[in-house]
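# Observations on the model geometry
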Amino acid sequence: MPKKVIIIGAGIAGLSAGCYLQMNGYDTEIFEMHSLPGGLCTSWSRSGYTFDGCLHWVVGSTPSDNLFNLWNELIDMKKIEWVEFDYHSVYSDSDGKTITFYNDIEKLKKELLEKAPEDKVTLNGFLKAVKKFSKFSAPSDKAPETSGFWDGIKMFSKILPYISRYKKWINLSINEFAGFLRNDALRKSFSVHPVEDMSAFFIVMMHAWMNKKSAGYPLGGSLKFSQLIEKKYLELGGRINYRQKVTKINVKNKTACGIQTESGDEHKADIVISAADGHYTIYKMLEGNFKDKKTDKIYKSFETFPSYVQVSLGVNHDFSGIPHMLKFPLGKKLKLDEETEYDNMFVRIFNFDRTMAPPGKTSMYTLFATRNSSYWEYLRKNDKVRYQSEKDRIAGEVIEAIDKKIGNVKANVEEIDVSTPATVIRYTNNWKGSYEGWIPSGQTGIMGLKKTIKGLENFYMIGQWIEVGGGVPSALMSGRNVTQIICKKDKRKFSTTHY
Ligand SMILES: Cc1cc2nc3c(=O)[nH]c(=O)nc-3n(C[C@H](O)[C@H](O)[C@H](O)COP(=O)(O)OP(=O)(O)OC[C@H]3O[C@@H](n4cnc5c(N)ncnc54)[C@H](O)[C@@H]3O)c2cc1C
């Protein structure tokens, strides 16, 4: 009889673990609280428009990247139409100054040095780092947890050339980096980021992935992408129970032995994997029984990616020729909530993916980060009228601002959808509505947290609350790596199939 594995959560990490475990002869079943796969990697439809809630890029979209081969174990990568952009974004201020953030490093260099020659020294340091990390490929397809001494040496020799630059950039925030820039437009353009206090290493890596053309957008959007992995999982014989929130992980003799759902049903398993929110797993599903001082410290001191208010618009206009990612300063500050206001914004215009709207029309969105998720949860729970009026107010200000910038919006808006941190929590259960788990920093490093918990057998945690920095490639690798750990423990040879 194959071992029975219950996986909590059908996000990318849970689906990935399910696929790899099925490939290796385990009998798996996923319990997912939502009615759809993907978790944060999702999209939703409104009156013929599709609003996307996730993917700007999927690292590993090109065959020359190691990650491509891993994705190809789950998805037929050649069947996806990848959009490789010429530029990441365009910053445009009210004085008509524009800066285009090209993906190609040489084009980017020319543009930045032409627009901000006074920042030559700072920019050269940034561009050199981007160039250097463009050569970096995710170390290995072997889980670090199953690696031996020589694997470790091999991995270390691969990352050694990058360590000094990594240390420099991981300890610098985007805000601090922007502060070094003397050119006003350039400084402001770097500040249009949902998390300004995040490490500038992220910006370096983003440009490096873009430069090596390994960060494409899958045409059709995020839910379609998640559904491809769901399809693979079901083909491999896996089962998914939707609308089944897990409330408890059953433990007997310090060994995980199953789960309990909200409706009170119990399900037995030989192994339980939580691919759900980390905080909920440790403090609710395990009732805090297996936390130690270190875990408490992590959940008290590591910084999380914030939550966000997303305003999506369906507009009866074409918008061809307008930058697909436009960043600009706001004439008037936008107050998001009691603690959060913005003097700049971005709009992502899906004129590059015509599947997202009926012919001649366009779907677009913006989002604003907030660390005030409790305010939005409180409003939704206790003051529905104000919750709605605040959403309407923000949508109104956003429409005004985008209309002022590119025109043809206000008169042609057909569909408005506003999601808040309360929405993110309701649909994905992520702690504080965070959109990517832990923010990488000098304190967190990038190696990730342990997938096992001391004193609890046959239990594993995966996903963005384990892999610092989050992202869909990390979720994929988290599911793959946990399967290697389980196979090694069961003395099975880990194997995969691929397209
Ligand atoms: C706006 C936005 C943009 C992003 N852009 C990118 C990008 O361009 N590229 C990129 O790589 N990444 C991006 N990300 C990050 C990426 O989406 C996530 O890091 C990744 O999808 C996390 O996957 P996961 O499986 O670890 O977690 P999740 O997606 O959170 O999945 C967890 C799943 O568990 C379920 N669940 C939770 N609790 C329970 C429970 N008690 N019982 C049952 N089920 C439960 C949830 O419903 C969910 O389906 C973005 C995220 C957001 C929000």
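Residues numbered from 1 in each chain as written. Predicted model: local features only at pLDDT ≥ 70, side-chain atom pairs only at ≥ 80, totals over all residues. Heavy atoms only, no water.

### Description of the pairing of strand 3 (residues 43-46)
Bridge count for strand 3 against strand 4 (residues 49-52) is four bridges, and the pairing is antiparallel. By the bridge assignment for strand 4, serine 45 is matched with threonine 50. What sits between strand 3 and strand 4 in their antiparallel hairpin is a turn of two residues, with serine 47 showing a positive phi close to 45°. (Pairing = 2+ DSSP bridges. Helix = DSSP H or I, 4+ residues; strand = E, 2+ residues; numbered from the N terminus.)

### Points about the sheet that holds strand 8 (residues 98-102)
Judged by pairing direction, the sheet is mixed, and its seven strands sit side by side in the order 8-7-16-17-18-15-19 without closing on themselves. Bordering the open sheet on either side are strand 8 and strand 19 (413-419), each of which pairs with just one other strand. Shown here is a sheet whose adjacent strand axes are inclined to one another by a mean of 25°, direction ignored. With eight bridges connecting them, strand 16 (residues 325-337) and strand 17 (residues 340-349) associate as antiparallel partners. Residue pairing for strand 17: leucine 334 is matched across the bridge by tyrosine 342. Of the strands in this sheet, strand 15 (307-315), strand 16 and strand 18 (362-370) touch helix 13 (residues 373-382), which is tilted by about 60° from strand 16. (Axes fitted to C-alpha atoms, helices over the stretch in contact; angles between N-to-C directions. Contact = heavy atoms within 4.5 Å.)

### Describing the site of the ligand
Close to the ligand lie 37 residues, the nearest being Glu32, Leu40, His56, Asn430 and Gly471. At 2.7 Å from an oxygen atom of the ligand is found a main-chain nitrogen or oxygen belonging to histidine 56. One of the backbone N or O atoms of glycine 471 is found 2.8 Å from an oxygen atom in the ligand. Protein contacts shield 97% of the accessible area of the ligand, which totals 1,000 Å² for the unbound molecule. For the shell around the ligand, the secondary structure elements donating two or more residues are helix 1 (12-23), helix 15 (421-428) and helix 16 (472-489). For the shell around the ligand, the element with the most residues is helix 16, which contributes three residues. (Near = heavy atom within 4 Å. Polar contact = N/O pair within 3.5 Å; in protein donor to acceptor, adjacent residues only side chain to side chain. Areas by Shrake-Rupley, 256 points an atom, 1.4 Å probe, with all protein chains shown as cover.)

### Description of the sheet that holds strand 20 (residues 459-461)
The five strands are arranged 10-2-1-14-20 in an open sheet whose pairing can be described as parallel. With partners counted over all chains shown, the strands left at the sheet margins are strand 10 (239-241) and strand 20, one partner each. Looking at each pair of strands side by side, their axes are set apart by 20° on average, direction ignored. Two strands pair when backbone bridges link them, and strand 1 (residues 4-8) and strand 14 (residues 271-274) are joined in this way by four bridges, in the parallel orientation. Among the inter-strand pairings, isoleucine 7 is bridged to a residue of strand 14, identified as isoleucine 273. Set on the sheet, helix 11 (residues 278-285) makes contact with strand 1, strand 14 and strand 20; between it and strand 20 the angle comes to about 145°.

### A short note on the state of the cysteines
When the sulfur atoms of two cysteines share a covalent bond, that bond is a disulfide. Scanning the entire structure with this criterion turns up zero disulfides. Here cysteine 487 stays free of any disulfide, with the sulfur of cysteine 19 as its closest cysteine sulfur at 14 Å. Residue cysteine 487 is classed as buried on the basis of its relative accessible area, which comes to 1%. (Disulfide = S-S within 2.5 Å. Buried < 20%, exposed > 50% of the residue type's maximum accessible area, 1.4 Å probe, protein only.)

### Examining the packing of aromatic side chains
A complete count under the given rule lists 34 aromatic pairs for this structure. Aromatic pair tyrosine 49 and phenylalanine 51: ring centres 6.3 Å apart, planes at 10°, arrangement stacked. Of the two residues, tyrosine 49 and phenylalanine 51, both sit in the buried class. Summarising the aromatic geometry, the rings of tyrosine 299 and tryptophan 431 are spaced 5.6 Å apart at their centres and angled 55° between planes, so their arrangement reads as tilted. Of the two residues, tyrosine 299 is situated in helix 12 (residues 293-301) and tryptophan 431 in the loop between helix 15 and strand 20; the sequence distance between them amounts to 132 residues. Looking at tyrosine 299, the relative accessible area reads 8%, which means it is buried. (Phe/Tyr/Trp six-rings, centres within 6.5 Å; stacked < 30°, edge-to-face > 60°.)

### Here we look at the pairing of strand 16
Each regular strand carries side chains that alternate between the two faces of the sheet. In this sheet, strand 16 lies alongside strand 7 (residues 87-92) in parallel orientation, the contact comprising two bridges. Note on strand 16: the bridge partner recorded for tyrosine 91 is lysine 327. Where strand 16 folds back onto strand 17 in an antiparallel hairpin, the turn is made up of two residues.

### Observations regarding the domain arrangement of the chain
Annotation of the chain at the domain level lists domain 1 (4-42 + 221-303 + 438-489), domain 2 (85-212) and domain 3 (307-431). When each unit is reduced to the centre of its C-alpha atoms, the spacing between domain 1 and domain 3 is 31 Å. Each side of the interface is counted separately: domain 1 has 15 residues, and domain 3 has twelve residues. When domain 1 packs against domain 3, the two sides together hide about 1,100 Å² of surface, and 59% of this comes from carbon and sulfur. (Domains from an automatic or database assignment. Buried area = accessible area lost by both parts, 1.4 Å probe.)

### What about the environment of leucine 236?
Secondary-structure assignment places leucine 236 in the loop between helix 10 (222-235) and strand 10. By relative accessible area, leucine 236 is classed as partly exposed at 25%. Between the C-alpha atom of leucine 236 and that of leucine 21, which follows or precedes it by 215 residues, the distance is 9.5 Å. Every residue in contact with leucine 236, bar those within four places of it in the chain, is listed here: Cys19, Gln22 and Met23.

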